[in-house]
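# Fold and contact review
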Amino acid sequence: MKAGKTKKELSPQQRAELLAALQTRFEKNLNHHAGLDWAKVSARLAANPAKLWSLGEMERTGGEPDVVGHDKKSGEFLFMDCSPQSPEARANLCYDREALDGRKKFPPKGCATELAAAMGVELLDEEQYHALQQLGEFDTKRSSWLKTPADVRQLGGALYGDRRFGRVFIYHNGADSYYSGRGFRCWLKV
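Residues numbered from 1 in each chain as written. Predicted model: local features only at pLDDT ≥ 70, side-chain atom pairs only at ≥ 80, totals over all residues. Heavy atoms only, no water.

## Considering the packing of aromatic side chains
A complete count under the given rule lists five aromatic pairs for this structure. Their ring planes at 25° and their centres at 5.0 Å tell us that Y160 and Y171 sit as a pair that is stacked. Remark: Y171 occurs in strand 6 (residues 167-174) and Y160 occurs in strand 5 (residues 157-164); sequence separation between them is eleven residues. Each member of the aromatic cluster is reached from another via a ring pair, and the members are Y95, W145, Y160, F169 and Y171. Note that R90 overlies the ring of F184, its terminal NZ or CZ placed 5.2 Å from the centroid. Here the basic side chain of R182 rests over the ring of Y160, its NZ or CZ set 3.4 Å away from the ring centre. (Phe/Tyr/Trp six-rings, centres within 6.5 Å; stacked < 30°, edge-to-face > 60°. Helix = DSSP H or I, 4+ residues; strand = E, 2+ residues; numbered from the N terminus. Lys NZ or Arg CZ within 6 Å of the ring centre and 35° of its normal.)

## Description of the nonpolar core
Among the nonpolar cores identified, the biggest contains 33 residues, and L22, V41, L45, L55, F79, W145 and F184 are the most heavily contacted of them. Contributing elements (two or more residues each) for this core: helix 1 (12-28), helix 2 (38-46), helix 3 (49-60), strand 2 (77-81), helix 4 (97-102), helix 5 (112-119), strand 5 and strand 8 (186-189). Per-element accounting of this core gives the leading share, four residues, to helix 3. In contact with V41, not counting residues within four places along its chain, are F26, V67, F77 and F79. (Core = buried A, V, L, I, M, F, W, Y, C linked by side-chain atoms within 4.5 Å. Buried < 20%, exposed > 50% of the residue type's maximum accessible area, 1.4 Å probe, protein only. Contact = heavy atoms within 4.5 Å.)

Just geometry here; none of it tells us what the structure is for.
Right, dumping it as structure tokens:
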């Protein structure tokens with residue numbers, strides 16, 4: 001699904017296709033959101049076209065977004081990328097602009113933080129990544145950049161996670177590194 005031609009809005013056909021895909025995924029993965037009702041999620045999505053566009057970007061780039069939580073105070077639903085592996089369309093990226101600009105040889109095509117911002121979403125942090133891994137086994141063959149704390153980033157590093165040997169691991173790497181097997185996962189509140 002490509003973005004519509006006006007201010008990050010989906011066309012009626014794109015909106016219908018995305019809502020159908022989200023509903024199918026919602027119904028297929030009830031363990032991700034026990035006790036939540038699709039009609040309430042759908043109504044919230046209909047009232048937030050810009051957020052629906054961002055979910056469309058998550059879907060278009062292979063994230064397979066699904067509802068994983070609900071904030072009862074605000075009424076917002078939390079969506080996360082639930083694709084089995086970190087999306088390939090978001091791989092081969094260093095962590096952020098500073099790392100990209102500092103890369104003298106063989107720079108990657110871009111950086112994770114800027115692509116996430118352009119999509120209107122956030123990278124998962126360590127806590128969110130561990131919460132996602134409680135819902136299933138994700139990133140058993142790939143890894144995902146994670147939102148990195150400022151103190152780690154100031155020292156030139158960035159965090160990423162994956163699941164190997166039945167465990168979730170959080171690692172570090174130079175923020176300017178990039179690999180075909182490392183993408184990033186997003187979250188969005190609607």
